[in-house]
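Chain and residue survey
Residue-level listing of the chains:
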Amino acid sequence: MPLAGGTSSTLYEDQSLVRVVGRRPRYSDTGHVARPSLKRLAALGLLVLGLTAAPASGAALGVYVGAANPAGVSAFGTWLDREPEYAVDFLADNSWSEISTPIWWLSGWQGSPYDVVFSVPMVPKDGSTIAQGAAGSYDHHFTQLAQNLVAYGYGDATISLGWEMNGNWFAWSAQSDPAAYVTYWRRIVDAMRAVSGSSFRFDWNPIAGGSFPVETAYPGDAWVDVIGLDVYDQGWWAGWEDPVNRWIELVHQPYGLAWHRDFAAAHGKPVSFPEFGLSDDLAQHGGGDNPYFVEKMYEWIGLNKENVEYYAYFEFAGPIGNSAMMGGSFPLAGAKFQELFSVDPPAIDPTPPPGAPEPEIEKEGESAEPSRVPASITQIAEPEETIPVVSHQRHA
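Residues numbered from 1 in each chain as written. Predicted model: local features only at pLDDT ≥ 70, side-chain atom pairs only at ≥ 80, totals over all residues. Heavy atoms only, no water.

Attention now moves to unusual backbone geometry. With a phi angle near 50 degrees, glutamate 164 is a residue other than glycine that sits in the positive phi range. Checked against the element boundaries, glutamate 164 lands in the loop between strand E9 (158-161) and helix H7 (178-193). Residue glutamate 164 is classed as buried on the basis of its relative accessible area, which comes to 1%. Despite not being glycine, histidine 285 shows a phi value in the positive range, around 60 degrees. Residue classification places histidine 285 among the buried positions, given a relative accessible area of 13%. (Helix = DSSP H or I, 4+ residues; strand = E, 2+ residues; numbered from the N terminus. Buried < 20%, exposed > 50% of the residue type's maximum accessible area, 1.4 Å probe, protein only.)

Take a look at the structure:
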């Protein structure tokens, strides 16, 4: 919805408000507005806002605050007294045009100082399948996407492609045909890398937990740059109500944090946390206002800091489940987050003290699926243009 003065408006379904985002243009030789990387701004000494920027090397702070919302990222930095370096966003999955030509998103991020992680659907929810993609039917859509990203100055963006493939809630789920997922992923990466001016980083990003053998959907080291994991404060083993037990489960469950660390190390890849967050949904065994989860995530990032590329908090309240801290929903955990994450987690020696026991917990039973379903991605029609709305949901 264009407004006077070269600004854009973004509608957020969870808050029922319109946030006006000002654009700070810097034109590239393509004629499109390019964004200045925060790392480059920091190197030039241009960050004079009095906030603490993450270092150019090692683990970098990120956040998701809603679609195409640089103002929201900035507000999160003000709340935290630390400027995020990364912003996570999700392209819509209603049609191929939204995937291949996401101009609304690209325009929304123009001129912002953030390195954007674009979560890219592999197919829209229109009947398209990963089997057809594996046969080469959709390569041209991703060539077009890569061309648009390059044209708008995002040729070096991180692409979280076909995220949470170990769940069953997206059309690109790998559960029924992991071989097709792998073949299709490789085709997409090859098509996007072939576009002149591109230097994308591809993030292979399951969600923690579940029983699906997600390693069968790993595309191979030549097609993956980063190995991510989405982590929420939810538990399903016996004793999940105890924050300590819940954390032990997050670390030691199949396809949990320890698996993520070890799998990435075995493949020589850095790790990421494209989404991590609190959960207020008790029906889905969420931990609520839990500062212990914040403390342990901070510690875990420090324990693995040399191999963490970025970590992004999920600052969002959707129709089902809330992780947003800034509005006061999690006063204790929010205060702990501000106390700790206002500075980068320090590196911690991962060597356990001599004689330290292995943690034990009784399992309540293996869950067939991870414990969270994000992303029903819808759109609201306006007289002049369509404004996408992203809503995230927990697994029912």
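Let us keep going from here.
Taken together, the buried positions of helix H11 (residues 331-341) are Ala333, Gly334, Lys336, Phe337, Leu340 and Phe341. Projected down its long axis, H11 carries its buried residues within an arc of 160 degrees, all on one side. Among the exposed residues of H11, those oriented more than 90 degrees off its buried face are Leu332 and Glu339. Of the surrounding elements, those touching the buried residues of H11 are helix H2 (70-80), strand E6 (82-83), strand E13 (271-277), helix H10 (291-303) and strand E14 (308-314). (Arc of directions from axis to C-beta. Contact = heavy atoms within 4.5 Å.)

Okay, the nonpolar core next. Phe118, Phe142 and Trp204 are the most contacted members of the largest nonpolar core, which has 103 residues in total. By residue number, the principal contributor to this core is H7, which donates seven residues. When near neighbours in sequence (up to four residues on either side) are disregarded, phenylalanine 118 contacts Asp89, Leu91, Leu106, Trp109, Leu149, Tyr154, Ala157, Thr158, Ile159 and Ser160. (Core = buried A, V, L, I, M, F, W, Y, C linked by side-chain atoms within 4.5 Å.)

What the rule picks out here adds up to eleven salt bridges. The salt bridge involving aspartate 225 is made with arginine 193; its shortest N-O contact spans 3.4 Å. Taken together, the positions of aspartate 225 in the loop between strand E10 (201-204) and strand E11 (226-228) and arginine 193 in helix H7 put the pair 32 residues apart, joining distant regions of the chain. For aspartate 225, a relative accessible area of 18% puts it in the buried group. Across the pair arginine 201 and glutamate 309 runs a salt bridge whose closest N-O atoms are separated by 2.8 Å. Pair noted here: arginine 201 is in strand E10 and glutamate 309 is in strand E14, with a separation of 108 residues, a long-range link. (Salt bridge = Lys/Arg side-chain N within 4 Å of Asp/Glu carboxyl O.)

Moving on: the pairing of strand E5 (residues 60-64). When you tally the buried positions in E5, you get five out of five residues, the bulk of the element. Neither face of E5 is left uncovered, since the one carrying Ala60, Gly62 and Tyr64 and the one carrying Leu61 and Val63 both have all their residues buried. Here five bridges tie E5 to E14, and the two strands are oriented parallel to one another. Residue glycine 62 lies in a different strand from E14, and its bridge partner there is alanine 312. For E5 and strand E7 (residues 86-90), the ladder comprises two bridges, and the chain directions are parallel. (Pairing = 2+ DSSP bridges.)

Here we come to helix H8 (residues 243-252). Every buried residue of H8 is listed here: Arg246, Trp247, Ile248, Glu249, Leu250 and Val251. Close packing links the buried residues of H8 with strand E12 (231-232), helix H9 (257-267) and H10. Of the residues flanking the start of H8, the one acting as N-cap is aspartate 242, its side-chain oxygen 2.8 Å from the backbone nitrogen of valine 244. (Polar contact = N/O pair within 3.5 Å; in protein donor to acceptor, adjacent residues only side chain to side chain.)

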